[in-house]
Amino acid sequence: MQLAGRLHEAAAAYQIRLASTPNDPRTLSNYGGLLNASSRFDDAYIVLTRSIALDPTQPDAWSNLGNTLLHLARYDDAIAAYRNCLQRNPAHALALSNLGLLLDHRGAHELAQKFHQVAIQLSPDNVHTRTNYAISLLAQGDYVAGFREYEWRWTTHSSRSYGMTVPQWKGEDFPGRTLMIHTEGGFGDMIQFSRFIPLAAQRGGHVIVRARKELLTLLRQSFPEQQFFSEDDVVPPHDLQCPVLSLPFALSTTLATIPGAGGFLHADAQKTSFWHQMFHQDDAANGARPDPLRVGLVWAGAPHPEIQAAELADRRRSTDLATFAPLARTDANILFYSLQIGEKSWQARTPPTGMHLVDHTPLLHDFSDTAALVNALDLVIAVDTSTAHVAAGLGKPVWMLSRYDQCWRWLSGRTDSPWYDSLRIYQQAVPLDWSDPIRHIVADLQVLAAPHRRPPA
């Protein structure tokens with residue numbers, strides 16, 4: 001049941017078994033692994049430490065505990081757990097791979113890849129270990145090897161096949177044929193990788209792009225030569241298909257050949273003009289002096305409960321509006337705009353003390369509306385979410401708060417990005433702690449806002 005993904009049934013079975021044999025260390029270890037799969041890490045820690053106390057010789061229990069501690073961001077303790085596992089079973093491929101993943105979280109990619117490579121030698125067809133290795137290569141900037149290895153993601157049951165029956169395009173010329181490029185991942189992924197669509201179109205006959213309806217208007221106005229259709233529409237006939245995240249692999253992309261870093265999206269001029277007109281009303285309603293610095297804010301991403309890895313990453317990348325409170329503690333003439341959509345958008349109704357926050361998000365119906373508002377602003381400060389991609393794709397200045405174990409696409413040890421010239425990265429120095437990024441953003445905001453300084457009272 002657990003291997004088949006039927007976690008609730010498996011949990012019930014373990015609980016029945018433990019009711020009769022509460023001190024069976026192997027059952028406790030397996031149950032702890034299931035709790036990890038259910039994202040119940042505090043409960044898993046209790047169960048797994050009990051299992052190990054009963055029998056400390058179990059490699060799997062130590063590996064499961066390492067996974068628990070990794071998700072709890074207790075990295076030093078996780079390393080000790082993985083070490084205990086490998087001392088008992090040096091060929092434990094999963095522990096080797098996850099130890100590599102932990103080292104990647106810390107930016108130690110060269111060392112991490114040694115563990116990934118051993119794990120792959122032991123288990124060459126394991127999608128989990130191959131994908132971990134791919135992410136490590138990508139985070140280090142080895143895009144040719146990394147995107148090639150990343151193709152392993154399509155062999156796992158957790159990756160949607162989209163019902164594709166035609167061959168995947170691998171970069172070959174395709175004159176006289178039709179290539180369908182289709183969505184993969186979230187809105188931000190589609191936005192970021194849409195820049196490759198014109199390059200793919202240069203190699204063949206006809207390109208069609210399947211995207212979520214919320215993106216269609218923005219994509220059509222940004223790439224008017226391409227044909228886009230909604231995921232709700234009937235799929236037109238086509239000869240080849242390619243997930244949008246596989247385009248860099250097909251095009252043999254390197255750090256030096258990433259296109260569109262200066263901007264590749266285009267906001268609607270009429271909609272942008274509407275926002276400039278709205279700003280005059282905002283100034284009067286909020287007591288702003290003429291020519292305030294207009295800053296858009298995004299403090300949370302979208303949860304993806306159907307995909308555990310995405311859901312856990314969202315927890316680490318997202319925060320609350322209260323985290324941004326220090327941004328209001330300047331004496332500058334700044335007017336903030338909420339760009340927050342979704343579950344945490346309600347927080348805009350009660351902004352931190354001293355923050356003048358305008359919320360026009362009820363007027364945003366799709367990404368073209370968001371792009372127009374962003375295009376009229378001076379700056380966007382956001383966590384790592386789709387709006388950051390929209391703003392940077394427009395070439396607008398974006399200051400992005402990035403989690404400690406930041407996404408591979410932002411590379412390690414950099415505050416800039418080869419993907420977006422206008423992006424500045426503020427990465428956590430301590431896991432789950434936004435104080436350091438916010439402190440640096442406040443200092444930089446004071447410099448940027450200096451021309452908008454309020455006169456002394």
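Residues numbered from 1 in each chain as written. Predicted model: local features only at pLDDT ≥ 70, side-chain atom pairs only at ≥ 80, totals over all residues. Heavy atoms only, no water.

Colleague: Please provide a residue-by-residue account of unusual backbone geometry, values included.
Modeller: Positive phi values are uncommon outside glycine, yet A73 reaches one of about 60 degrees. With respect to the helices, strands and loops of the structure, A73 is situated in the loop between α4 (59-71) and α5 (75-88). Overall, the relative accessible area of 21% leaves A73 in the partly exposed class. Located in the positive-phi region is S252, a residue other than glycine, with phi close to 55 degrees. Tracing the sequence through the fold places S252 in the loop between α13 (247-250) and α14 (269-286). (Helix = DSSP H or I, 4+ residues; strand = E, 2+ residues; numbered from the N terminus. Buried < 20%, exposed > 50% of the residue type's maximum accessible area, 1.4 Å probe, protein only.)

Colleague: Hey, could you go over the domain arrangement of the protein for me, with residue numbers and the actual values?
Modeller: By domain assignment, the protein separates into domain 1 (2-159), domain 2 (163-251) and domain 3 (269-453). In this structure, domain 1 and domain 3 have C-alpha centres spaced 34 Å apart. Listed per partner, the contact involves 19 residues of domain 1 and 12 residues of domain 3. Both faces considered, domain 1 and domain 3 share a buried interface measuring about 1200 Å² in area, 61% of it formed by carbon and sulfur atoms. Linking domain 1 with domain 3 are five residue pairs in polar contact (both at pLDDT 80 or more), by the criterion used here. Mapped by element, the contributors of at least two residues to the side of domain 1 that touches domain 3 are α2 (25-37), α8 (127-140) and α9 (143-150). (Domains from an automatic or database assignment. Contact = heavy atoms within 4.5 Å. Buried area = accessible area lost by both parts, 1.4 Å probe. Polar contact = N/O pair within 3.5 Å; in protein donor to acceptor, adjacent residues only side chain to side chain.)

Colleague: Tell me about the pattern of salt bridges, and name the residues and values.
Modeller: Applying the stated rule across the entire model yields 17 salt bridges. The shortest N-O distance in the salt bridge between R40 and D43 comes to 3.1 Å. Residue R40 is classed as partly exposed on the basis of its relative accessible area, which comes to 36%. For R403, the salt bridge is made with D405, and the minimal N-O distance between the two is 3.2 Å. By relative accessible area, which is 12% here, R403 ends up buried. Via salt bridges that share partners, E151, R153 and E184 belong to a single interconnected network. (Salt bridge = Lys/Arg side-chain N within 4 Å of Asp/Glu carboxyl O.)

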